[in-house]
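# Summary of structural features
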Amino acid sequence: MGLSIAVATGLYGVSFGALGVASGFSVEQTVALSLLMFTGGSQFAFIGVVAGGGTGSAAFGAAALLGVRNAVYGMQLNRMLKPRGWRRLLAAQITIDESAATAAGQLDPDEQRRGFWSAGLGVFVLWNLFTLAGALLGDALGDPRRWGLDGAAVAAFLGLLWPRLRAREPVALAVVCALVTVLAMPWVPPGVPILLAALVAALWGWFSRGPADEGLEPDVDPVGYEASASSPEQH
Amino acid sequence: MSLWGWLLLACLVTYAIKLAGYLVPARWLENERMSRVAGTLTIGLLASLTAMNTFSGGPALAFDARLGALLAAGLALWLRAPFLLVVIVGALAAALLRLAGVG
């Protein structure tokens, strides 16, 4: 099961590689993001803020905030797998939506461990290979607008958001945050609207009642995730 | 700080955040609020990024081929297309609209 996840997630690494280069990053920077950051949402956020005209600091902020959920996964995985020593340091690097979800989809501890490591390491290898391929392809394409690569970025973000819109409340939250962003954009420096939307989203989460695992869906559905314990509720 | 600087700092911080999850006491997991905020942050940020990348245009808002990409991608997602196909659909929509002289 880890293998199919690795292939599916690795493939969308091509779009990251191409979009990174189209956003003005060098091939080295794009590849570095996949190697060192290795978190799809945060990586897209970083290049997305810069592509939208934001500053490096705003890109940093958005990437960090989108990475917060990995800490939650880390807590869950630590309790599940209890890695120690250097394994813990490595486990942290490969803690992403997909590896966490694959582990959580298993009942047997050995299967959880196997699922986590195979999905995590598999995605890591393929994601990075495909990022490089996409970056080299993007570099060869020339003017990104002519190929619609800025439209591809829009599509990518919608694609990342979509699996999280399973009920009325997340849809409402998404609409509100999109509105906050669009309303703020003409008035404040680039990148700040994102942080305003993040503030709204954080307050929403802090003060409202709702499922604790909403929004923590993986970017790519592993087989059997739908059937596991944390299935979405109907509102 | 240069773009490389922010990039490397962001990588460092995202790793530190991942590691933090492994280092905090298990007791913290009982706080469902943290998990909930992480989830709403994710949704809000992704929605914001989608909006920003669709409508950014210097300081003012711009309505151009990217809006077509958004609609096409939405349709593809509704039809359960896989992620890579959705991205290609978005690119195609924007490129074709531009060829046709729109935005």
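Since the model is a prediction, treat every value here as computed from it, not as a measurement. Position labels on residues start from 1 in each chain and follow its written sequence. Chain letters start at A and ligand numbers start at 1, both assigned in the order the entries are written. Residues qualify for local features only when their pLDDT is at least 70, as the model is predicted, and side-chain atom pairs are given and counted only at 80 or more; totals for whole chains, interfaces and linings, by contrast, use all residues. Note: side-chain values were computed over all heavy atoms of the structure, leaving out hydrogens and water.

## A word on the overall build of chain B
Let me state the cut-off plainly: Helix and strand assignments follow DSSP, with helices taken as H or I runs no shorter than four residues and strands as E runs no shorter than two, numbered in order from the N terminus. It is over C-alpha atoms that the radius of gyration is taken, and the globule rule equals 2.2 Å times the number of residues to the power 0.38. Each residue's exposure class comes from its accessible area (1.4 Å probe, protein chains only) as a fraction of the maximum for that residue type: buried when under 20%, exposed when over 50%, partly exposed otherwise. Contact criterion: two residues are considered in contact whenever any of their non-hydrogen atoms come within 4.5 Å of each other. Accessible areas in this description were obtained via Shrake-Rupley with a 1.4 Å probe; residue shielding takes into account the shown protein chains only.
The helix and strand inventory of chain B stands at four helices and two strands. Listing every helix and strand of chain B by position from the N terminus yields α-α-β-β-α-α. Expected size for 103 residues packed as a compact globule is a radius of gyration near 13 Å; at 19 Å, chain B overshoots this value by more than 25%. When the backbone C-alpha atoms are referred to their principal axes, chain B occupies close to 60 × 40 × 25 Å. Within the span of chain B, comprising 103 residues, buried residues form 54% of the whole. Partitioning the intrachain contacts of chain B with sequence separation of at least 6 by distance along the chain shows that 31% fall at a separation of at least 24. Here chain B has roughly 4800 Å² of accessible surface; of this, 74% comes from carbon and sulfur atoms.

## Notes on the packing of helix H4 (residues 56–66) of chain A against helix H11 (residues 192–207) of chain A
Residue and element names in this part refer to chain A. Threshold: Axis definition: a line fit to C-alpha positions, over the contact stretch in the case of helices; interaxial angles, taken between N-to-C directions, run 0 to 180 degrees. If an angle is under 35 degrees, it is roughly parallel; if it is over 145, roughly antiparallel; if it lies from 65 to 115, roughly perpendicular; otherwise it is oblique. Handedness of a crossing follows from how the near helix is turned relative to the far one, being left-handed for an anticlockwise turn of less than a right angle and right-handed for a clockwise one.
In contact at an axis separation of 9 Å, H4 and H11 are set at 25° when each is read in the N-to-C sense. One element, H4, and the other, H11, form an angle in the roughly parallel class. Where H4 crosses over H11, the handedness of that crossing is left-handed. Facing Gly 61, Ala 62 and Leu 65 of H4, the residues of H11 in contact are Ile 194, Leu 195 and Ala 198.

## Remarks on the interface of chain B and chain A
Just so we agree on the cut-off: Buried area is calculated as the accessible area (1.4 Å probe) missing from two parts once they are joined, with the contributions of both summed. Each salt bridge in this description consists of a side-chain nitrogen of Lys or Arg and a carboxyl oxygen of Asp or Glu lying within 4 Å of one another. We call two N or O atoms a polar contact when they sit within 3.5 Å, provided that within protein one can donate a hydrogen and the other can accept it, with sequence-adjacent residues counted only if both atoms are side-chain atoms. Residue type decides the class: Asp, Glu, Lys and Arg count as charged, Ala, Val, Leu, Ile, Met, Phe, Trp, Tyr, Cys and Pro as nonpolar, and the leftover types, Gly among them, as polar.
Each partner contributes to the interface: chain B provides 65 residues, whereas chain A provides 94 residues. Across the chain B/chain A interface, buried area totals approximately 7300 Å², and carbon plus sulfur atoms make up 76% of it. Among the residues chain B hides against chain A, the three largest losses belong to Lys 18, Tyr 22 and Arg 36 of chain B. Together they make up 12% of the total. Counting across the chain B and chain A interface gives two salt bridges. The salt bridge partner of Arg 36 of chain B is Glu 169 of chain A, with a shortest N-O separation of 2.9 Å. Run the count over chain B and chain A and you get 15 residue pairs in polar contact (both at pLDDT 80 or more). Contributing elements (two or more residues each) for the side of chain B that touches chain A: helix H1 (3–23), helix H2 (32–55), helix H3 (65–78) and helix H4 (83–99) of chain B. Residue contributions to the side of chain B that touches chain A peak at 24 residues, all from H2 of chain B. Taken together, the residues that form the side of chain B that touches chain A break down as 43 nonpolar, 15 polar and seven charged.

## Structural notes on unusual backbone geometry
Residues and elements named next belong to chain A. The backbone of Phe 38 sits at a positive phi, close to 45°, despite the residue not being glycine. Secondary-structure assignment places Phe 38 in the loop between helix H2 (27–37) and helix H3 (40–51). Positioned with a positive phi, Lys 82 is a non-glycine residue whose angle comes to about 45°. Residue position: Lys 82 is located in the loop between helix H5 (68–81) and helix H6 (86–93). For Lys 82, a relative accessible area of 52% puts it in the exposed group.

## Considering the packing of H6 of chain A against helix H8 (residues 109–141) of chain A
A pair of packed helices is characterised by two quantities: the angle between their axes and the separation of those axes. All names here are of chain A. In contact at an axis separation of 10 Å, H6 and H8 are set at 60° when each is read in the N-to-C sense. In terms of axis orientation, H6 runs oblique to H8. Crossing hand, H6 versus H8: left-handed. Contacts between H6 and H8 involve Arg 87, Leu 90, Ala 91 and Gln 93 from the former and Phe 116, Trp 117 and Phe 124 from the latter. Residues of the contact of H6 with H8, tallied by class, amount to five nonpolar, one polar and one charged.

## With respect to H5 of chain A
Residue and element names in this part refer to chain A. Put simply, the test is: What a helix should span is 1.5 Å times the count of its residues minus one.
If you check H5, its first and last C-alpha atoms are 20 Å apart, about what 14 residues at 1.5 Å a residue would give, namely 20 Å. H5 sits mainly inside the fold: 10 of its 14 residues count as buried. When H5 is considered as a whole, its buried residues turn out to be Arg 69, Asn 70, Ala 71, Val 72, Tyr 73, Gly 74, Met 75, Leu 77, Asn 78 and Leu 81. Positive phi shows up at Lys 82, right after H5, with a value of about 45°.

## Describing the packing of aromatic side chains
Residues and elements named next belong to chain A. In plain terms, the rule: Whether two aromatic rings pair depends on their centres lying within 6.5 Å, for rings of Phe, Tyr and Trp, where Trp uses its six-membered ring; planes under 30 degrees apart make the pair stacked, over 60 edge-to-face, and the rest tilted.
Within the structure shown, the criterion is met by eight aromatic pairs over all chains. Aromatic side chains Phe 16 and Phe 44 sit 5.4 Å apart centroid to centroid with 80° between the ring planes, which places their arrangement in the edge-to-face category. Remark: Phe 44 occurs in helix H3 and Phe 16 occurs in helix H1 (residues 2–22); sequence separation between them is 28 residues. Residue Phe 16 is classed as buried on the basis of its relative accessible area, which comes to 0%.

## Focus: the pattern of salt bridges
Residues and elements named next belong to chain A. All told, the structure shown has six salt bridges over all chains when counted by the stated rule. Across the pair Glu 111 and Arg 114 runs a salt bridge whose closest N-O atoms are separated by 3.0 Å. Here the residue Glu 111 and the residue Arg 114 both occupy positions in helix H8, the gap between them amounting to three residues, near one helical turn. According to the relative accessible area criterion, Arg 114 is exposed, its value standing at 52%. Among the charged side chains, a network of salt bridges with common partners joins Arg 69, Asp 97 and Arg 164.

## Side note on the environment of Gly 24 of chain A
Here Gly 24 of chain A lies in the loop between H1 and H2. Taking C-alpha positions, Gly 24 of chain A is 15 Å from Ala 152 of chain A, a pair spaced 128 residues apart along the chain.

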